[in-house]
Amino acid sequence: TFDNLDPDAIKEARKMYAKKHEDLMVEMKSWDDVKFLNKAKITKQGQITNTAILLLGRTESEHLISPAVARIRWIYKDSKGEEKDFSIETCPFVIAANTVYRKIRNWKYRYMNPELLSLVPDELDTSDPFIIREALNNAIAHQDYGRYGMINVIEEEDRLIFTNLGTFIPNSIKNVLINDAPEEHYRNRFLATAMVELGMVDTIGSGIRRMFNKQRERLFPMPDYEFSDDRVKVTIIGKVVDIDYAMLLTKDKTLTLLDIEMLSRLQTHRSLTDEEIAYLRKRKLIEGRKNALYFAKSVAKATGQKAEYTRNKGFDDNYYK
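What counts as what
Residues numbered from 1 in each chain as written. Predicted model: local features only at pLDDT ≥ 70, side-chain atom pairs only at ≥ 80, totals over all residues. Heavy atoms only, no water. Helix = DSSP H or I, 4+ residues; strand = E, 2+ residues; numbered from the N terminus. Buried < 20%, exposed > 50% of the residue type's maximum accessible area, 1.4 Å probe, protein only. Contact = heavy atoms within 4.5 Å. Areas by Shrake-Rupley, 256 points an atom, 1.4 Å probe, with all protein chains shown as cover. Pairing = 2+ DSSP bridges. Axes fitted to C-alpha atoms, helices over the stretch in contact; angles between N-to-C directions. Parallel < 35°, antiparallel > 145°, perpendicular 65-115°, else oblique. Left-handed = near helix turned anticlockwise from the far one by under 90°. Core = buried A, V, L, I, M, F, W, Y, C linked by side-chain atoms within 4.5 Å. Phe/Tyr/Trp six-rings, centres within 6.5 Å; stacked < 30°, edge-to-face > 60°. Lys NZ or Arg CZ within 6 Å of the ring centre and 35° of its normal. Arc of directions from axis to C-beta.

A. Geometry of the overall build of the protein chain. For the protein chain, the helix and strand inventory stands at 15 helices and 10 strands. A burial count over the protein chain gives 50% of its 321 residues as buried. In the protein chain, of all internal contacts separated by at least 6 residues, the share reaching a separation of at least 24 is 58%. Carbon and sulfur atoms make up 48% of the accessible area of the protein chain, which totals about 16900 Å².

This is the structure we're talking about:
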């Protein structure tokens, strides 16, 4: 019943809905909770749903969706990888998501390389607030609650890691970056629709692309998506890893997000397929053997890193002659 919902969570949901639907801000003041939750597509004709319990349920109401688990675990690890702090939040998720967000220590990052200071601010947060919220809310919206597990947010010194159970619906990041369109089906359609109404997730399905563009603007590595054992793992690195890569983003405006995602994997020593390697070679962006790839000579010239290129490439035949 409505007694199982948290009044504070409903108030928060009203604020979120009003921000999303500014044209209804005045009208919705006359709505009682039943009408509001129906309009926000959280309840069905006044009947409580699993979505209502997950997003707005009192903490003690979690058992009502059992055996599903409504929990988000935040873990903080130091530079040695040792756990230093943690917390487990449960429903209502509209409040739990904000609680987890506030726990994340979003340190300041300073660009030390003088070549970058003229291109970006000399200081900024290691993680863009949009990226944190988008990654966390995506995990909530797409979690496979039939697997009875928790959503995890792991905070390390220079990165954030988000995990949720379930397969990645678009199948690959390539599909997301190329198509730039909403998914045709969802694991939790009713939940996802409600979260769109509250402005928790992107309404046109382009949130992941925005995350990639935010990292591109900062010259940071692209979000790293891993899919294994019916689990999605997203790693967001909050620093410049390779100066050649960072300078390339500023010099070559023809690069697509897909190009940058592949180059990002090169700088963080993650695998590329033979097809991807062939494509990057054709674009003259990389050189070297498959197990020792590096940015190509044209890139090295553009970024002023010819000495580093020479160390990778060695001297040509005429030099030795």
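Resuming the write-up.
B. Here's a closer look at the pairing of strand 5 (residues 151-155). Burial runs high along strand 5: five of the five residues are buried. A two-sided burial pattern is seen for strand 5, the buried positions comprising I151, V153 and E155 on one face and N152 and I154 on the other. Judged from the five bridges that link them, strand 1 (residues 71-77) and strand 5 form a sheet pairing that is parallel. In the strand pairing of strand 5, Y76 is matched with E155. As paired elements, strand 5 and strand 6 (residues 159-165) share four bridges and run antiparallel to each other. Paired with E155 across the two strands is L160, which belongs to strand 6. Where strand 5 folds back on strand 6, the antiparallel hairpin that results is connected by three residues.

C. Structural detail: the sheet that holds strand 7 (residues 224-228). What the six strands build is an open sheet, ordered 2-1-5-6-8-7; its pairing is mixed. Looking at the sheet topology across the chains shown, the edges are occupied by strand 2 (83-90) and strand 7. Adjacent strand axes in the sheet meet at a mean angle of 15° when their direction is disregarded. Across seven bridges, strand 6 lies against strand 8 (residues 231-237) in antiparallel orientation. Bridge pairing in strand 8 links T163 to K233.

D. The packing of helix 6 (residues 129-142) against helix 9 (residues 207-218), seen in detail. Orientation of helix 6 relative to helix 9, taken along the N-to-C sense of each, is 150°, at an axis distance of 10 Å. As far as their axial angle goes, helix 9 and helix 6 are roughly antiparallel. Crossing handedness for the pair helix 6 and helix 9: left-handed. On helix 9, the residues touching F130, I131, E134, A135 and N138 of helix 6 are G207, I208, R210, M211, K214 and Q215.

E. Quick look at the nonpolar core. Ranked by internal contacts, the top residues of the largest apolar core, which has 90 residues, are L55, L56 and F93. Per-element tally for this core: the top contributor is helix 6, with eight residues. Residues contacting F93, with those up to four places away along its chain left out, are L54, L55, A70, R71, I72, I140, Y145, I151 and M200.

F. Spotlight on the packing of aromatic side chains. Across all of its chains, the model carries seven aromatic pairs by this definition. Note on F212 and Y225: the rings are 6.5 Å apart at their centroids and 15° apart in plane angle, and the pair reads as stacked. Residue F212 is located in helix 9, and its partner Y225 is located in strand 7; the two are separated by 13 residues in the primary sequence. Judged by relative accessible area, F212 falls into the buried class, the value being 0%. Members of the aromatic cluster, connected to one another through ring pairs, are F168, F212, Y225 and F227. Positioned above the aromatic ring of Y101 is the side chain of R133, whose terminal nitrogen or guanidinium carbon lies 3.8 Å from the ring centre. Between R210 and the ring centre of F130, over which it is positioned, the NZ or CZ distance is 3.9 Å.

G. Fine view of helix 12 (residues 274-282). Taken together, the buried positions of helix 12 are occupied by E276, I277 and L280. Each buried residue of helix 12 lies within a common arc of 100° when the element is viewed along its axis, so the set occupies one face. Exposed side of helix 12, more than 90 degrees from the buried face: D274, E275 and K282 are the residues found there. The inward-facing, buried residues of helix 12 abut helix 11 (257-267) and strand 9 (286-287). Trailing helix 12 by a residue or two, K284 shows a phi angle of about 60°, which is positive.

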